[in-house]
Amino acid sequence: MLAAVTDGPGEAAAERSRAFRERARLEADRYGPDPWIFVRELLQNSRDAGANRVTFTVGESERPEGTVEWVACYDDGEGMTFEHARRYLFALYASSKEDRKNQAGKFGVGFWSILRFDPQAIIIRSYPRNGEPWTIRLDGALERAEHLEPPTRPGTEIVLEKPKGDGRLEHRIYDAVWQSARYLHRRDAVDQPLPVTINGRSANAEFGLEAPSASFRRRSVRGVVGLGRAPRVELFCRGLRVRSAACLEDLVAPAGRHTARIRVQFPELPAGLAPVALLESNALEVMLSRSDARDGRALARLVKLAQRELERLVERQLSFARPVAWYRRPIEQLRTRLRDSLAWRTVAGSAVGAVAAVLLSLWLWGSGGADDSDPASSSSSVAVTGVTPGSSSDRIYEDLGRRYRGPRVDVLAPGAVESVRLRYSPSHDRLHFAALTFPELLDDGAPNHSARVRVAGMYVGATCERECFDVSLPIRGKGTVRLPVPTGHRIVRGSVFLDEQTFALHVTDAGHPAVDLGRGTEGLLRYQTTPSVDPTAAPLVRVVPGLSRDLQALTHGLSPLSVNDKVGDLLAFVKDNVAYDRSEVMARLHAEEQARGTGFIQRTLALGKGDCDVQNGLLVALLQASDVPARLAVGYLGVDGKALPWLHAWVEYRDERGQWHIADASERVRSSAASPSSPSSPSERVAVAPGRPGPVPTAEGPSDDVPAVEPMAGPSTPVESASSSPTPASVSKESATSKGDATIPASTAASAAAPPEDRWPAWLWPLLSLSLLLAAIASLVGGRTRRHFKLDDSADLSRLLQGVLQQPGAFGAMSALLYRPLVPLVEDRAISLHRARELAAKGRLYRTHEGSGLARRAARAGAAVLDTQSPEGKTVADALGAIDLDTWDERLRGSWTTPLVDELNHMLRKRRERWSLRVVSRVSGQIAALDLDGLRTRIPGLHGSRVVVVDASCPWLVEAEAHHEQTPRAVVFTVLDRVTDHLDLPEDRRAALLSEGARAALLESFPVGPQS
């Protein structure tokens, strides 16, 4: 709070006032280097006060200490009481506008930008609508304050005095108002400008641009785009400019190619047009520093809208200047209407959707006679374990990597099965066939499922010393395909056959066995597996960055324990904190949190629910943080010698001996009072049989939504129960399904043929289409963009094309300017600017003004010859450096040869060179060349596809002609060396050409005579 106002005179009050002024000046400096920023802040306060007019008065007065100049800002707004001023105006960081959406200032420091003016006196007068008038005068140091006669007119007036300067104060105030607030509008009426005058001179302007331009409005957004001499884009918020740039892309450029300074000069293009835009949105978030706008979604959407409107304007102007042919007009009009009109897009989209819905409903109605008992006829098929579901009939196995979408909650239906004809024998053990394994973790803790399959080397197979299992599997695919292998097993070396053909085994960088099917094959794959220790090095573990302190403490506290004890504690932790849930609500919550950017571990523990690969994915991350090699496995459960039809996810962890075991946080088993192996501590929750590859989950009570079932045995770890032994028919949906693991009857799990309980009614689709149509109409009414075009009647495109060539970045990727045929050619044709650029880069763009014979022949042959009699053709030809065929026609008609040139041309033909030499009376640069291939025509009397002309007055040519009779070979070599030096011949070709001439010149200089 300003001590001079609140505390009165005194040394302590003066000291606090000086500290207040230093802090206020420091905050004022954050608005940028422009000292006239206070003009915008005063106008902002006047607008927020609901003023109907603002008046600036600039003058001079005589004082005992000398002449002073002053500026007074008066508005007829609501005014403020003295108590309100003490609380907000004479304080920093206190604002009464924070919760008012129609206010521009919200930071509580803008008023003190007046200190940038370096005033020696500040006078504040206010007459509030509901309160007593008051006036106070402050000195420039803010140390003394005195009350003066109160004002008689309602509103607020701020007067600033300082010693007289150069006498241009009025000009600078007017310029500051014009730059920042010429489009300022009233607080509660955005369509009504707020009149601002400086000594009676208006500083308001119409929110518009000269033709060609287009104005548009959508909700709280308005703008004008056009084409002008100076490329400029100005961004406004509530009538005040907050940012400016040279083009729309620079307005949101991360490199900061924009500015928030008040005074900005936009240099004009010499002879072209460039995009111009005025944009305003009340949804922009204005920043305190430099009064700039934050780069947020509102700004990005505004810039994209302006880019689309600018492209529409350009296309309208081009269509006006170069009308489309009558047979293309209906298509162009339909495309333009669909792009420009939300109503047309809404009606067209709704019509297409309604027709599709009706056809689908008729098809569903006609298929009502299907056998409901056939699971294949079920229409309820949803994603399973993040894998696209298959049909209920057996399918041929393919690598699952391209269809697995990572840990997520999926809602399952009985028809969403993944049944494959995987068979194994002996069939007495229940096996977990891992088709995918993911040892790597992302930064948020989720398994890295997006990595491509990379072969790391040859697979180290095992030998069949104990029990071996024969596996058969129909397979198809191409390239590297990963094979399902039971957890804790390895494939026996030399046992892989595909239709009696032996296949070598490779290993992926994740340690998974795979075969290379080449360009594609299909057949019955057979191989053997056996329980075995993994001879390869253990995969690296990773501590996820950003792991919470609680999880760090949990994993760090397990460091003294053995691997099995760590697994038991963390398995119990996951089961206690993440309940099994595959409901639609939970699936939606996980998807919403993932869309917000919430990491996997954070959202899993925050929601506290998930399905099998969500639970087990969390367990993998915690195990690796506890220095336990672990990976997520996705595959099939084998029961009674065949794979169950649902995919499932579990955890594979490796002990100190290199043996892989199973841990499954999604299992739910019934507690048994008679079980002798019930654990008494967390570390005893997982029991691993010696030499067996699987932990046994402890008994738990039945959950609310999952019926209690018998304990699930691991691949080779039978679980003893006091009640009964588990059978394949008693396997629960949690233990035998995909990651969603929906609970279904045992008969359904065994047969994978449960019929759907109901079907979607046929009338649902027409109802859905009607709902979509109503929603589209509501969106049309609420989000329609209103626009108005002003086109240039001159229809001169040359300036527009000049602007595109001078500043291509300012126009972005406007296809109409680049790809529409706008550049006129002779023979009544035209090409696009993009094509003209391509031809100019290849040296095959030509020009003519007089229509010479060479130009006409080239045009008839299909060469791109610009007609420079039109402004557009001349503009493009000058900018791209098109070759002047009129000049070349004159050169070639007046060219001739000499004996020296004839001899040189003869040598070139002998060397099979496809260029020839001619002499002309005058040529710029002494030598010039023309590529005849680009002209697509041949000139009589000229050999080859290229002609080179030399100025007859060239000194070295004149000297060569003078010595040609004495030393013809040396002269030819000299001329050839000069000419090839100016041509872009490859070095090896030039060297070969000159070597023969040099040899002839040497023989001529040193003739071989008779021996003496």
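Residues numbered from 1 in each chain as written. Predicted model: local features only at pLDDT ≥ 70, side-chain atom pairs only at ≥ 80, totals over all residues. Heavy atoms only, no water.

A contiguous patch of positive charge, built from Arg 829, Lys 842, Arg 844 and Arg 936, is present on the exposed surface. Note on placement: Arg 936 falls in the loop between α25 (932–935) and β42 (946–951). With relative accessibility at 53%, the residue Arg 936 sits in the exposed group. (Patch = residues over 30% accessible without salt bridge, like charges linked within 9 Å, V, L, I, M, F, W, Y side chains within 5 Å. Areas by Shrake-Rupley, 256 points an atom, 1.4 Å probe, with all protein chains shown as cover. Salt bridge = Lys/Arg side-chain N within 4 Å of Asp/Glu carboxyl O. Lys, Arg positive; Asp, Glu negative; His and termini not counted. Charge placed at Lys NZ, Arg CZ, Asp CG, Glu CD. Helix = DSSP H or I, 4+ residues; strand = E, 2+ residues; numbered from the N terminus. Buried < 20%, exposed > 50% of the residue type's maximum accessible area, 1.4 Å probe, protein only.)

For the rest of this paragraph, the subject is the packing of aromatic side chains. Taken as a whole and judged by the stated rule, the model has eight aromatic pairs. Between the aromatic rings of Trp 36 and Phe 38, the centroid separation amounts to 6.1 Å while the plane-to-plane angle is 35°, which identifies the pairing as tilted. Note on Phe 38: relative accessible area 1%, which makes it buried. Joined through ring pairs, the aromatic side chains of Trp 36, Phe 38 and Phe 117 make up one cluster. The cationic tip of Arg 153 hangs over the ring face of Tyr 74; the distance from NZ or CZ to the ring centre is 3.6 Å. Of note, Arg 201 hangs over the ring of Tyr 174, and the distance from its end group to the ring centre comes to 3.7 Å. (Phe/Tyr/Trp six-rings, centres within 6.5 Å; stacked < 30°, edge-to-face > 60°. Lys NZ or Arg CZ within 6 Å of the ring centre and 35° of its normal.)

Here we come to the pairing of strand β10 (residues 221–228). Burial analysis of β10 places eight of its eight residues in the buried class, which makes it a mostly covered element. Both faces of β10 are covered, namely the face carrying Val 221, Gly 223, Val 225 and Leu 227 and the face carrying Arg 222, Val 224, Gly 226 and Gly 228. Of the strand pairs in this sheet, strand β9 (residues 213–218) and β10 are connected by six bridges, and their pairing is antiparallel. Opposite Phe 216, over in β10, you have Gly 223 as the bridge partner. Hairpin connection, β9 to β10: the antiparallel pair is bridged by two residues, and Arg 219 has positive phi, about 50°. For β10 and strand β14 (residues 274–281), the ladder comprises eight bridges, and the chain directions are antiparallel. From the neighbouring strand, Leu 227 faces β14, where its bridge partner is Pro 275. (Pairing = 2+ DSSP bridges.)

As a further point, take the sheet that holds strand β17 (residues 455–458). The sheet built from four strands is open, its strands ordered β17-β24-β25-β19 with antiparallel pairing. Edge positions in the open sheet fall to β17 and β19 (480–482), since each of these has one partner strand only. Taken over all neighbouring pairs, the strand axes of this sheet differ in orientation by 40° on average, direction set aside. (Axes fitted to C-alpha atoms, helices over the stretch in contact; angles between N-to-C directions.)

Turning our attention to the pattern of salt bridges. Two side chains that carry opposite charge are able to pair once their charged atoms sit near each other. Throughout the structure, instances matching the rule amount to 41 salt bridges. One salt bridge in this structure joins Glu 157 and Arg 153, with 3.7 Å as the shortest N-O distance. A salt bridge links Asp 191 to Arg 217, with the nearest nitrogen and oxygen atoms 2.9 Å apart. With Asp 191 in the loop between α5 (169–181) and β7 (196–198) and Arg 217 in strand β9, this pair connects stretches of sequence that are 26 residues apart. A cluster of three or more residues bridged by salt bridges with shared partners is formed by Arg 63, Arg 137, Glu 146 and Glu 161.

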